Amino acid sequence: MDSYLLANAESVVARARAGEEAALEELYRAFETPVYNLARRICRTTEDAEDVLQETFFEVCRSIGRYREEGSLWGWVRTIAASKALMRLRRNKYRDTDELQEDVTGYRREDTALRMDLEAALERLSETARAVVWLHDVEGYTHDEIAGMMGKTPSFSKSQLARAHQRLRRWLGEEVEV
Amino acid sequence: MTHLSMEALLSLREVGTEPGDATARAHLESCPGCQAELDRLHQRVARLKALPALRPTRDRWPQTAARVRAERRRRRFRTSGLIGLAAAASIALGVVVGRNGGVSVGEQEIHQAMERSQALESALSEFHPEDRILDGRTAGIAQALEDRIARVDRELEMAELLEHQTRDQQVLKLWRERVGLLDALVDVHVTRASNVGL
């Protein structure tokens, strides 16, 4: 992934560590979209996601000297982004219930039989459930890692994922009689 | 016939096995309904992964770069400023001592607050907070305290531009606030360290 996003990652990191602003900008340009995408999938609004994008790269620029090159550069940046996005969720203290999501988006119980597209169904999940789905299913984090980032238990992460998939299945009209 | 729960289906997708997986696998082999459900789960995850990447509508690099530059200035100030302020305080002390045979209360207090701040920073650095993994709640508290310390540092920078008399009062107030925040930050890390037996 590193070489796909940033061809000369090693030299860019070395220059960034030396404090070269052009190198820091290269890092930003390389990872801007995946970081924003991750943030936007977790956060409720574009403004929050953009703030997470900025927070993430501020932290990357500040901590690049501590990046040990043991794992991938993208893995390191992604973990910072995920932590910042989850921190943003906690700070905003969203009322994390499905009922609220239904109030906000105007869905009603009767609508659940309607087929939604995946984007809409994902958006409709609670913040926590959506974060778990995205971090686990798309970004590939384990339940232990998600639990660590969220300050919860792996069981919490597993049950959130299971409940989220049950809902997605229903909202996507995938329920079939067996 | 009891079908596999969503949790059991998800568990079958995980690397490694969990208690109950063998039973679940045995059921799966003989149940077309659960096989279809697992297929739908695989497809749903594949569709999630295939969602188009969302892109920011605004370029946030200029703000990020400005913040990085400000942070660098602040760090330089913290290093050279501490030395500079300490030196300035020593000179001031020397002048006052030479002239009055005593030290003005304000300057002495600033000097004490600076020393206390430095001692707390040293104590904090011994915990290597940047290398530690904090739980979400503790990380949030530590982040909030660090943000407030950064704000105090920016205000200290600004206070240096004030007139002498106002400056001393303002600088003392800010150094004391900084000491209080650092004290709290050390507490957060020490409490966390003792909780996990580090």
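Residues numbered from 1 in each chain as written. Chains lettered and ligands numbered in written order. Predicted model: local features only at pLDDT ≥ 70, side-chain atom pairs only at ≥ 80, totals over all residues.

Chemist: Please set out the overall build of chain B residue by residue, giving values where relevant.
Modeler: Broken down by element type, chain B carries 7 helices and 0 strands. For chain B, the N- to C-terminal ordering of α and β elements is α-α-α-α-α-α-α. Within chain B, the fraction of its 198 residues that count as buried is 16%. Contacts spanning at least 24 positions in sequence make up 66% of the contacts within chain B whose residues lie at least 6 apart. (Helix = DSSP H or I, 4+ residues; strand = E, 2+ residues; numbered from the N terminus. Buried ≥ 20, exposed ≤ 12 C-beta atoms within 10 Å, placed from the backbone. Contact = placed C-beta atoms within 7 Å.)

Chemist: Just give me the short version of the confidence of the model for chain A, but keep the residues and values in it.
Modeler: Residues and elements named next belong to chain A. Overall, the prediction assigns chain A a mean pLDDT of 85, with 83% of residues at 70 or greater. Of all the helices and strands in chain A, helix α6 (residues 98-105) carries the lowest mean pLDDT, 46, while helix α8 (residues 127-138) carries the highest, 96. Long-range and interchain partners of residues 95-100, a stretch whose pLDDT sits below 50, account for 6 contacts in this model, where long-range means more than four residues apart. Here residues 102-114 scores under 50 on pLDDT; set against residues more than four positions off or in separate chains, the count is 6 contacts. (pLDDT = per-residue confidence, 0-100.)

Chemist: With reference to specific residues and values, describe helix α9 (residues 143-150) of chain A.
Modeler: Residues and elements named next belong to chain A. All of the buried residues in α9 are H143, I146, A147, M149 and M150. All buried residues of α9 project into a common sector of 165° when viewed along the axis, lining one side. Positive backbone phi, at 70°, marks G151, one or two positions downstream of α9. (Arc of directions from axis to C-beta.)

Chemist: Quick one: what's the story with the interface of chain B and chain A, residue by residue and with numbers?
Modeler: Taken residue by residue, the interface counts 35 residues in chain B and 39 residues in chain A. Grouping the amino acids of the side of chain B that touches chain A by side-chain chemistry returns 14 nonpolar, 8 polar and 13 charged. (Nonpolar A, V, L, I, M, F, W, Y, C, P; charged D, E, K, R; others polar.)

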